[in-house]
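Survey of secondary and tertiary structure
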Amino acid sequence: MRVTNSYLVRWSGGYTVVADAASVTAHGRHEDFLSVGDAQSTAEAERLALGLLSRVAWPSESIALAIEPSESADTPYVGFEVGDNVVAPDAGGSPQQWRVMGITVTEDDEGNAIYVPELVDDASGS
Amino acid sequence: MPEVSVARYTAAYGGSPTTLDESWGRSWMDRLSEAGGFALRLQNDDPDLAVCGFGDVLRFSVDGTAAWAGVIEAKTVQRVAPGEEADEYTELKGRGTMALLDSFVVYPEVLGGPLVGDVRFFTSLAYFFDDSGLATVTAVDLETVEQFGPVNWPSDTTKKVRPGGSPVTTHTPEEFVVRKAFTTADGDRTYRLFFTGDDGVDIAIDGVRVTQDVRPGMWQETRQVDVRLADGDHVIAIQGTNLDFPAPNYSWVVAALYTLGSDGTLVTLVVETDATWVGAQHDPVPLGFTPGGVLVTLRSEAVARGVAVPAVSFDAAEDTAGTAWPIAPDLSLPVGLKGLGVLAQLAETYADFAMDPETLTLHAWVKGAKGGPTAAVFARGDNVTEMDHEVNG
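Note that this is a predicted model, so its numbers are computed, not measured.

Let's talk about the overall build of chain B
- Of the regular secondary structure elements, chain B holds 3 helices and 25 strands.
- Taking the contacts inside chain B whose residues are at least 6 apart along the sequence as the reference set, 68% of them involve residues at least 24 apart.
- Entry remark: accessible area of chain B is about 16,900 Å², with carbon and sulfur atoms responsible for 51%.

In structure tokens:
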């Protein structure tokens, strides 16, 4: 299990514990340690921990696609850009909405551009 | 397939661009809220190579649409044996233009101020920095009015203070702040600050927090912290709370600042709480810095120091799209943190960032709000040649 849903948080004034209760209920308790030594209050430490928990407390899904754009709509920077939502297959092959978190462009030896959008499931991309 | 093109601009984006038509091996990585990076190659005898200097900007376009831009930061010259000229080339590398924010670092609130920690503190409490809306506090005599005075308090003249007039007769959880400007002229030296409150205090001097979230249980205790102050004008601000007492009650804070002798004795009382302080009660709604406000503040400070920092399309109140920033709770940034590090911290929780490749302007959106639905649809057997699927659970 790679989910983390409870942090022992070290901040400048001591320790506190921040957990995602719903994830603990769903997946059992999975702890980790987080040091936020610059945080000056428990509130700030908790906010930082909750920000991380929002990404790691639940299973996440991501894909990297090598694409061959055929029209403007599926052409990077023309039809979509980083931050936008696109439709692509999920693990089972069904169309799903994803958020574009990155685009990598690489030219091969023949000078052809290879476009690879990095997508995350929309819920974890925010 | 969409065509990639590249043009070189000066760092100021001025003048005519040089199109790098003969470049090859071009690549770039564009990631949300990150600088990313690029690489491309030019023959060593290509005249375009000579105009590509460190700090110049390369703008990559896709089918003529400006896509992404990077700053030239490194050159690797590849030379081979005579007669193999085709392999004599230079590879240019760099990061995205977001890296231009790495030209400044976070400064302390006040140079020469109290060295109590290497942290720049942006509090949600605007009153820590702003006197507007504050009124003279009520001062309550330390020894006679309140039976539970802090033990071993060093000054008989110190008053407990609170804003809001007479003590309340029914308990209401409250938060308030009190402030006082004072001047020191004893040289750069250590001062000892005594403080306590009923039932919690946070104290900042010149915007730098000198206490750490001191909360209930301290109201009969004399606490102290040593701070270092240079000569000049200073402001002490105390955030007080009274959130835990169930019966009719009221809050107060007390503080006294002394110069400290080399033997550790108290020498001179510099400032202490009394009726000349100003303060105000406030509701629990955060009042101060937003993510945009933090960046705008740091950017304006850097510009004032002469640093060239990209323009921004947002302000302290609204993001690039005109959406109001959610008011942020406290944010502490290490002094010396580079601008790109500030972005990374804010991107964790508060904002999406991207550089405009056409204007070199930094855009920011409330986190998750950059972009939106598009008509792009990808499917295997149609426009997807490879798919790498990862599920983490």
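Let's talk about the overall build of chain A
- Counting its secondary structure elements, chain A contains 2 helices and 7 strands.
- Each principal axis of the C-alpha distribution contributes one length, and for chain A these read about 55 × 30 × 25 Å.
- Considering only residue pairs separated by 6 or more positions, chain A has 51% of its internal contacts joining residues 24 or more positions apart.
- Looking at chain A as shown, the accessible area adds up to about 5,400 Å², and 49% of this sits on carbon and sulfur atoms.

A word on the pattern of salt bridges
- Counted under the stated rule, the structure contains 16 salt bridges over all chains.
- Residue A:Glu81 pairs with B:Lys370 through a salt bridge whose shortest N-O separation is 3.3 Å. With A:Glu81 in the loop between strand E4 (60-67) and strand E5 (85-89) and B:Lys370 in the loop between strand E23 (362-366) and strand E24 (373-377), the pair connects residues from two separate chains.
- The class of A:Glu81 is partly exposed, set by a relative accessible area of 37%.
- Exposure remark for B:Lys370: the relative accessible area of 5% places this residue in the buried category.
- Among the salt bridges present, the one from B:Glu91 reaches B:Lys93, with a minimum N-O distance of 3.6 Å.
- What you see here is one network of salt bridges that share partners, running through A:Glu118, B:Arg31 and B:Glu34.

A closer look at the confidence of the model for chain B
- Overall, the predicted model of chain B reaches an average pLDDT of 84, with 83% of residues at or above 70.
- The ipTM value of the predicted complex is 0.85, and its pTM value is 0.74.

Looking at the sheet that holds strand E2 (residues 14-19) of chain A
Residue and element names in this part refer to chain A.
- Strand order across the open sheet formed by 3 strands is E2-E1-E3, with mixed pairing between neighbours. Of all strands in the sheet, those with a lone pairing partner are E2 and strand E3 (31-36), marking the two edges. Within this sheet the neighbouring strands show an average axis-to-axis angle of 25°, counted without direction.
- Across 6 bridges, the pairing between strand E1 (residues 6-11) and E3 is parallel.

What to know about the nonpolar core
- Counting residues in hydrophobic clusters, the biggest one holds 37 residues, and the most contacted among them are B:Trp28, B:Leu58, B:Leu92 and B:Phe378.
- For this core, the secondary-structure elements that each account for two or more residues are E4, E5, strand E6 (95-107) and strand E7 (113-121) of chain A together with strand E1 (4-9), strand E4 (37-43), strand E5 (57-62) and strand E6 (65-78) of chain B.
- In this structure, B:Leu101, B:Val309, B:Leu343 and B:Tyr350 belong to the second largest nonpolar core, which totals 28 residues.

Describing the environment of B:Glu358
- Here B:Glu358 shows up in the loop between strand E22 (351-355) and E23.
- Ignoring sequence-local partners within four residues, the contact set of B:Glu358 consists of B:Tyr13, B:Arg59 and B:Ala66.

A closer look at the interface of chain B and chain A
- Contacts between the two partners involve 57 residues from chain B, matched on the other side by 60 residues from chain A.
- Both faces considered, chain B and chain A share a buried interface measuring about 5,100 Å² in area, 52% of it formed by carbon and sulfur atoms.
- Viewed at the interface, chain A and chain B are joined by 5 salt bridges.
- Measuring nitrogen to oxygen at the nearest pair gives 2.8 Å for the salt bridge that ties B:Arg26 to A:Glu107.
- For the side of chain B that touches chain A, the secondary structure elements donating two or more residues are strand E3 (24-31), E6, strand E8 (119-122), strand E21 (331-334), helix H3 (339-349), E24 and strand E25 (384-392) of chain B.

Quick word on the pairing of E5(A)
- Of all 5 residues making up E5(A), 4 are buried, and the element is well covered by its neighbours.
- In this sheet, E6(A) lies alongside E5(A) in antiparallel orientation, the contact comprising 5 bridges. Looking across to E6(A), one finds that A:Val87 is bridged to A:Gln97.
- Here E5(A) hands over to E6(A) after 5 residues, with A:Gly93 in that stretch at a positive phi of 95°.
- Taken together, the 2 bridges between E5(A) and E24(B) define a ladder with parallel strand orientation. For A:Val87, the partnering residue across the bridge sits in E24(B) and is B:Val377.

Re a nonpolar patch on the surface
Residues and elements named next belong to chain A.
- Together, Leu8, Tyr15, Val17 and Phe33 give the surface a local cluster of nonpolar side chains, amounting to about 420 Å² of exposed area.
- Mapped onto the elements, Phe33 comes out in strand E3.
- On the basis of relative accessibility, which here comes to 45%, the residue Phe33 falls in the partly exposed class.

A look at unusual backbone geometry
- Notably, A:Tyr77 is not glycine yet its phi reads approximately 70°, a positive angle.
- Here A:Tyr77 is to be found in the loop between E4 and E5.

Remarks on the packing of aromatic side chains
- Applying the stated criterion across every chain, the model contains 10 aromatic pairs over all chains.
- Between B:Phe38 and B:Trp68, the ring centres sit 6.3 Å apart and the planes meet at 65°, which makes this aromatic pair edge-to-face. Taken as a pair, B:Phe38 in strand E4 and B:Trp68 in strand E6 lie far apart in primary sequence, 30 residues in all. The residues B:Phe38 and B:Trp68 share a single accessibility class, namely buried.
- A connected cluster of aromatic rings, assembled from ring pairs, spans A:Tyr77, B:Trp28, B:Phe38, B:Phe60 and B:Trp68.
- Positioned over the ring face of A:Tyr15 is A:Arg10, at 5.5 Å from the centre of the ring.
- Here the basic side chain of B:Arg305 rests over the ring of B:Tyr107, its NZ or CZ set 3.5 Å away from the ring centre.

Conventions adopted
- Residues numbered from 1 in each chain as written.
- Chains lettered and ligands numbered in written order.
- Predicted model: local features only at pLDDT ≥ 70, side-chain atom pairs only at ≥ 80, totals over all residues.
- Heavy atoms only, no water.
- Helix = DSSP H or I, 4+ residues; strand = E, 2+ residues; numbered from the N terminus.
- Contact = heavy atoms within 4.5 Å.
- Areas by Shrake-Rupley, 256 points an atom, 1.4 Å probe, with all protein chains shown as cover.
- Salt bridge = Lys/Arg side-chain N within 4 Å of Asp/Glu carboxyl O.
- Buried < 20%, exposed > 50% of the residue type's maximum accessible area, 1.4 Å probe, protein only.
- pLDDT = per-residue confidence, 0-100.
- Pairing = 2+ DSSP bridges.
- Axes fitted to C-alpha atoms, helices over the stretch in contact; angles between N-to-C directions.
- Core = buried A, V, L, I, M, F, W, Y, C linked by side-chain atoms within 4.5 Å.
- Buried area = accessible area lost by both parts, 1.4 Å probe.
- Patch = residues over 30% accessible without salt bridge, like charges linked within 9 Å, V, L, I, M, F, W, Y side chains within 5 Å.
- Phe/Tyr/Trp six-rings, centres within 6.5 Å; stacked < 30°, edge-to-face > 60°.
- Lys NZ or Arg CZ within 6 Å of the ring centre and 35° of its normal.

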